[in-house]
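One letter stands for each residue in the lines below.
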Amino acid sequence: HVPLATDANFSALLHQGSIGADPDRDLMIIYLAGHGSRAAALQTDLPDYQSLIPISAQSLARSLATARIKRRIIIVSACYAGTWIKPLASSDTIVITAAAADRTSFGCDDRREYTVFGDAFINGPLRSGASLQEAFEYLKKRVAAEETRQGATPSLPQAYIGERMREIWSAKSSVAVDR
């Protein structure tokens, strides 16, 4: 009774979200979390749903262009998430990933609400008004410390900052969020 996270549904959502938006001023933030593949796609392996087309970096880039969503911050919490950077990179884009292109992400567990990356990003310094840059530096340290503690292979979170997004990357938030 909820829409599946498929390419078609996500494309429709982006189109709806762009209605009335000013592509030169408005900013869209997209947070994707799931099981990632080396092919820059989120897996959609569900029983009896063989025809599902997964959300991929290429399909997301096409959908963003079609919806005229130019200024965007895209966070990908998935294994091999670094593969999403190149297809999405533009001067008006920030891409933050939980892992390098050749690495699995860290801290997935069905008993957790977020991965270690997700928790550090969502519940870390960003909540108290830190810049994206400060939040990213914090989450890299937190993920690395937890990986070291558990003896895991480093996931190496990545960030790409388009040239016209540098001010947004380093700007402190004027709004702190309490949970």
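Residues numbered from 1 in each chain as written. Predicted model: local features only at pLDDT ≥ 70, side-chain atom pairs only at ≥ 80, totals over all residues. Heavy atoms only, no water.

Caption draft 1: Geometry of the environment of valine 116. Here valine 116 shows up in helix α4 (residues 116-123). Between the C-alpha atom of valine 116 and that of leucine 139, which follows or precedes it by 23 residues, the distance is 8.4 Å. The contacts of valine 116, once residues within four sequence positions are left out, are Phe106, Gly107, Arg142, Val143 and Glu146. (Helix = DSSP H or I, 4+ residues; strand = E, 2+ residues; numbered from the N terminus. Contact = heavy atoms within 4.5 Å.)

Caption draft 2: Quick look at unusual backbone geometry. Residues other than glycine seldom take positive phi values, yet alanine 40 does so here, at roughly 55 degrees. With respect to the element layout, alanine 40 can be found in the loop between β1 (28-33) and α2 (57-66). Despite not being glycine, tyrosine 80 has its phi angle at roughly 60 degrees, a positive value. One can find tyrosine 80 in the loop between β2 (72-77) and α3 (85-88). Overall, the relative accessible area of 14% leaves tyrosine 80 in the buried class. (Buried < 20%, exposed > 50% of the residue type's maximum accessible area, 1.4 Å probe, protein only.)

Caption draft 3: Highlighting the pairing of β2. Most of β2 sits inside the fold, with six of its six residues counted as buried. Here β2 shows two buried faces, one formed by Arg72, Ile74 and Val76 and the other by Ile73, Ile75 and Ser77. Sheet analysis places β1 next to β2, joined by six bridges and oriented parallel. The partner of methionine 28 across the bridge, within β2, is arginine 72. (Pairing = 2+ DSSP bridges.)

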